[in-house]
Structure formats: C-alpha cells, structure tokens
Amino acid sequence: MHSYDDHWLHDPSRDRPLNHQWRIADTELVEKLHLPKLKTKAADDVLHLIAADILMSARMYSGRRISYSRSAGHYKRRRQYSPRGYTLATVTAAIDLLEQLGYIVDHDRRPPGRRGTQSSFRPNPLLAELRVDAVLEPVRCEIIMKDEDGDVIPYAESGRVHDMRAVVRRVNQVLAETGIVLDAEGIVAEGVTLRKGDYVMYPALKSLYRVFNGKWTLGGRYYGGWWQAVKSEDRKHLRLDGERTVEIDYSQIHPRIIYQEAGIELVGDAYDIPGWKGTKELRDLCKAAFNILVNATCYKSALGALAWEMGGDRQGAEELIDAIKERHRDVAECFHSGVGLRLQGLDARIAEIVLTEMTVKRGIPVLPIHDSFVVAESHRTMLVRVMQKAFERVVGKTSDPEQIVKANVRNTEVVTETCGHTDYKWNSSSPATAPTSPVALPSIVDSGSSPSVPFAISVAASSRPAGDLGTPQVIEPLKPVVRRPAPAFLRHGNSTPVDWEVRSATRDAERSARNRQASPPST
C-alpha cells in the first residue's frame, strides 16, 4: 500500500494506506497531541506527517484501518515519491511512539517480508473530536510508475516525462484557482469535508497525477481529483466558478479504438449483445463484461471475474462471453489478451491532449474522469470539438466524428437548505458569470496541426478577492514564456528504471572497502 493507491476508496474491505500529504502546523500538533521533540529534524517531520494523517483519517474514515510496511525495501523503492527522511526507521519509530501515547489502537505488527499482509492499526476514535486546521499538500510526484503488483517503482527522467509533468502542473494550477462546488440534494458540510450518505468527499483534493503501469504506453490515466469519487448521478450538480456544468464522455471508447485499429467500422452499439439486451441493466452488464474481456490476460481469469460480477453464475458468464465473441467476431482476438492497459494508455493520451487544448492553452477549467470530462456549459461546444479532434489525432480519422462523443444531460438547478450557506458553496445569490478564457491561443483544433511546443505559453488563471465569490475577475495574460528543454543527459538518458536496492548495496560495499583501506593494520 502507498499514498497513490486509490482502490481502497471503492472497496470497504481494504485498509487505507498510510499517507504523507496532510499538513498541520507543527506548533498546533505539538500543543494538541503533546508530541515530544525527537533527536533529528527528519524524525520530527515524519512524526508530524503521520500524526496529521491518522488524525484526519479518524475524522474522515471512521473505523478504517491504516496499513503500512515494516520492510526496508518498501521505502527504498519509494524514495522518488516520498518526503525527505521518510524511511523505515523514522516511520516505524513515529508509529510506535504514537501507539505509546494512545493515538493508535489495535496495532497489528507484521514481520518484514517481500509480499503478504502489511502491518496495520486503527486511529483512536477520539481523535475525530479534535478540531485542528489541516491542509492537503499537492502531490509530490505528478507522474507515477507502478509494477505489475501495483507497487510504485522508480523511473528515469526524460524529455517526454518532463512534458507530461508540465501539463499536469499547469492543469493543477488552473484547478486550484477554480471554485468547484457540488450543489446536490443531501450534501452535508462537515468542516473541511462533504458527506452524502455513507461516502465522504474532500473538496480540497484538486491536484491530479498520472499513473502508468510498467511502461509509458500502459495506463497513464489521471487520478486525484475529489470529483472522481462523486457518484455519476450527483456529478450533474457540479458547478465551476458558479456556472452550471455538462459532462461529455466518449461513446464506447475502447470498442471504438479496437475497431479503428482493425480497420473495421463499428456498427451500432458495441454493448448491444443478442440475447442479452432490452433493459439498461442488461446493457450495463454487457458493458462490464466487454471491459472484463479486454482487461483479462486469459480466458480463465475473464470467466472468473465475470462470474463474480454475475453473482456466481458461471454458466451464465460462459454464455455471455460466447455471445460477445460472436457479436464481435471480427476483433475477437483482443479478448482476454491483456490489451486493456494499452487501451487505457491511448485514452490517457487523448485526455492529455484535451487538457492541453482546453486548460493549458485556454485556461478553461476541465475536470477529467478518465473517458469523460466536466466543463462549464459555456464551453460545451469547444470541448466537444476538442474531444473529437483529440480522438482522431491519437487513433486516426473516423467516417463520422459526430459519433465519437456524447453529452449527458446538463445539470439542474438545486439549491438546498442544507448546502445553501456553507463556506465551500458558491454564493447562489450572486449572478453566475461564465468564466472567460483569459487568452485565445493557436491550437491543433483551429489549425489542424500539432504545435511544436504543447504548452509554450503560460496563461494567467482567474483570481478573486478573498470572500468575493460572486463574479470571477479576469487577469491580463502573462507574457509568453519560452520553455527551456530538459538537459541532454535527461532527454537521452538510460530509460531503464534504477534498481535502488542494488545501487544502495553497491555504495555500501564501496564505502566498507574504503574504510578497510583507511584503517591501520591490526598488530
């Protein structure tokens, strides 16, 4: 587990991974929790990070266990992603101290090992009653690489990585200046969090990052935005700087990519399977089955996953798989072939182009949700056009671009007594002014060609005086900034990931050899 693992959010049976992004003022932490001063600044910093994390976990995820590793290799492999001084020694010392102070309960220590169940604990429930001001720091690494087991691994820097990171940072800068509000029925504001029923949202989670899976062509989707955890029926109530929004998504993006690569036109609804159609529930099942088939690496795993999806009906799963293969016999070789991550790599590249065109170049806030995007209604037409062009740029020209994207029903006006006057809420009494793009830049959408530098011009984000949520102010655009390319040794360096354990062992051996040479011979 690590702070870039999002799967626990959707699986109540999984532990929450220990995180190091929460920040609480050191003086306030020491005063409220009576934390002692440790021997080194690094140890103090890690203690405060972990104390802030367990405090906020107790407040936001009551009763949820927190898992962490007691293996040195776990932290060595994550040096590229972790704060300075975040090591096995400092982390375990901090957790053991917090247990002695009573802030950690039900501590299950596990022996170190390569795989298996990690150590875990529960924050003391009383911490949820402690009110302190906490902030969530932006993610330390905007680009993350994972291995086949889902563990983060180091990677070599390159010009392409530099470019991807610059896009993510610019998008995060625009989103940080954007008022993102969920104006849905039943939303309750609880301090810095929002709650609806049994799920909690934290509106300060605006920083995006990308996750790749072993190679730069696999995965790469955008994660981290709090709106991604909002249920689909509630997302239509999102507002951007006070303006109502629309969510536009790609129509059957993975089937369309598969058929496009095969040089065959996709006819009709890819999820309309003979014998399994007629209701929305059946179509949703067929969509889930199709996605399982393209993500699975073998028939056995596909069958097992689909049988679980169908409540254990293995025979029904077999029949549905056969029906899907018959419906898509022209591309059946793609099924249970593990092509899913490569398809995600393509849709992530499409999303990168959409965000570059809309947000980096034009300063228009866009909320990515994998293969769909939320934008203010005033920018709907522009987003549709950009999405069409981005798809064709990555996948190839299509006979009917209008079929590539579809728009969901725009959001509805909902102002509730519960949400009407909370701090995070846009002032509903003020006129909702459409955010104006500060500058119009040349674009591949306008010119039909790709610019040589995708983000060469920095755009000033809209800003507002403190307390004034009524009308966004548009700042004059900054002067164009010429991006300096990464140094040659970064652009042409070795693309093989560094084995930090081997490097560390080699350095230790060299150090020991030097010490032996420097030591006087024993008599």
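Residues numbered from 1 in each chain as written. Predicted model: local features only at pLDDT ≥ 70, side-chain atom pairs only at ≥ 80, totals over all residues. Heavy atoms only, no water.

Draft legend 1. Quick look at the packing of helix H2 (residues 41-60) against helix H4 (residues 88-100). At their nearest, the axes of H2 and H4 sit 9 Å apart, and the two run at 55° to each other. With respect to H4, the axis of H2 lies oblique. Viewed along their axes, H2 and H4 form a crossing whose handedness is right-handed. Together, Ala43, Val46, Leu47, Ile50, Ala51 and Ile54 of H2 and Thr90, Val91, Ala94, Ile95, Leu97 and Leu98 of H4 make up the contact between the two elements. (Axes fitted to C-alpha atoms, helices over the stretch in contact; angles between N-to-C directions. Helix = DSSP H or I, 4+ residues; strand = E, 2+ residues; numbered from the N terminus. Parallel < 35°, antiparallel > 145°, perpendicular 65-115°, else oblique. Left-handed = near helix turned anticlockwise from the far one by under 90°. Contact = heavy atoms within 4.5 Å.)

Draft legend 2. View of the sheet that holds strand E10 (residues 188-190). Spatial strand order, E10-E11-E12: 3 strands in an open sheet with antiparallel pairing. Edge strands, defined here as strands with exactly one partner in the open sheet, are E10 and strand E12 (199-201). Along the sheet, successive strands turn relative to each other by an average axial angle of 30°, direction set aside. Alignment of strand E11 (residues 193-196) against E12, held across 3 bridges, turns out to be antiparallel. What sits directly across from Lys196, in E12, is Tyr199. (Pairing = 2+ DSSP bridges.)

Draft legend 3. Representation of the environment of Glu148. Looking at the secondary structure, you find Glu148 in the loop between strand E7 (143-146) and strand E8 (152-153). Note: C-alpha distance between Glu148 and Asn213 (65 residues apart in sequence) is 6.9 Å.

Draft legend 4. A look at the nonpolar core. If you look at the biggest cluster of nonpolar residues, it comprises 90 residues, and the most contacted ones within it are Trp226, Trp227, Tyr250, Leu306, Leu320 and Val354. Contact partners of Leu306, with chain neighbours within four places excluded, come to Leu285, Ala289, Ile292, Ala317, Leu320 and Ile321. Residues Leu29, Met60, Leu97 and Ala134 belong to the second largest nonpolar core, which totals 35 residues. (Core = buried A, V, L, I, M, F, W, Y, C linked by side-chain atoms within 4.5 Å. Buried < 20%, exposed > 50% of the residue type's maximum accessible area, 1.4 Å probe, protein only.)

Draft legend 5. Looking closely at the packing of aromatic side chains. One pass over the full model with this rule turns up 10 aromatic pairs. Considering the side-chain rings of Tyr68 and Phe121, the 5.9 Å spacing of their centres and the 55° angle between planes classify their relative orientation as tilted. You can see Tyr68 sitting in strand E3 (residues 66-68) and its partner Phe121 sitting in strand E5 (residues 119-123), a full 53 residues away along the chain. Take Tyr68: its relative accessible area is 3%, and that puts it in the buried class. (Phe/Tyr/Trp six-rings, centres within 6.5 Å; stacked < 30°, edge-to-face > 60°.)

Draft legend 6. Representation of helix H7 (residues 253-262) in the model. Within H7, 7 of the 10 residues are buried, leaving the element largely enclosed by the surrounding structure. Inspection of H7 places Ile253, His254, Pro255, Arg256, Ile257, Ile258 and Tyr259 among the buried residues, and these make up the whole buried set. For H7, the secondary structure elements touched by its buried residues are strand E14 (219-223), strand E16 (243-250), helix H8 (280-295), helix H10 (314-327), helix H11 (340-360) and helix H12 (380-395). Positive phi shows up at Gly263, right after H7, with a value of about 75°.

Draft legend 7. How the structure looks around the pattern of salt bridges. Considering all chains together, one arrives at 28 salt bridges under this definition. Close ionic contact of Asp347 with Arg221 constitutes a salt bridge, the shortest N to O distance being 3.0 Å. On the criterion of sequence distance, the pair formed by Asp347 in helix H11 and Arg221 in strand E14 is long-range, its members being 126 residues apart. We classify Asp347 as buried; its relative accessible area is 2%. Under the relative-accessibility criterion, Arg221 is labelled buried at 15%. (Salt bridge = Lys/Arg side-chain N within 4 Å of Asp/Glu carboxyl O.)

Draft legend 8. Examining the sheet that holds strand E4 (residues 104-108) more closely. Reading across the sheet, the 4 strands line up as E1-E3-E5-E4 and stay open at both edges, with mixed pairing between neighbours. Unpaired on one side and paired on the other, strand E1 (16-17) and E4 mark the two borders of the sheet. Strands in contact with H2 are E1, E3, E4 and E5; relative to E5, the strand with the most contacts, it is inclined by about 60°. H4 rests against E3, E4 and E5 of the sheet, and its axis sits at about 125° to E4.

Draft legend 9. Highlighting the confidence of the model for the protein. Averaged over every residue, the pLDDT of the protein is 78; residues scoring 70 or more account for 76%. Low pLDDT, under 50, characterises residues 447-484; the predicted model gives this stretch 72 contacts beyond four residues in sequence or across chains. (pLDDT = per-residue confidence, 0-100.)

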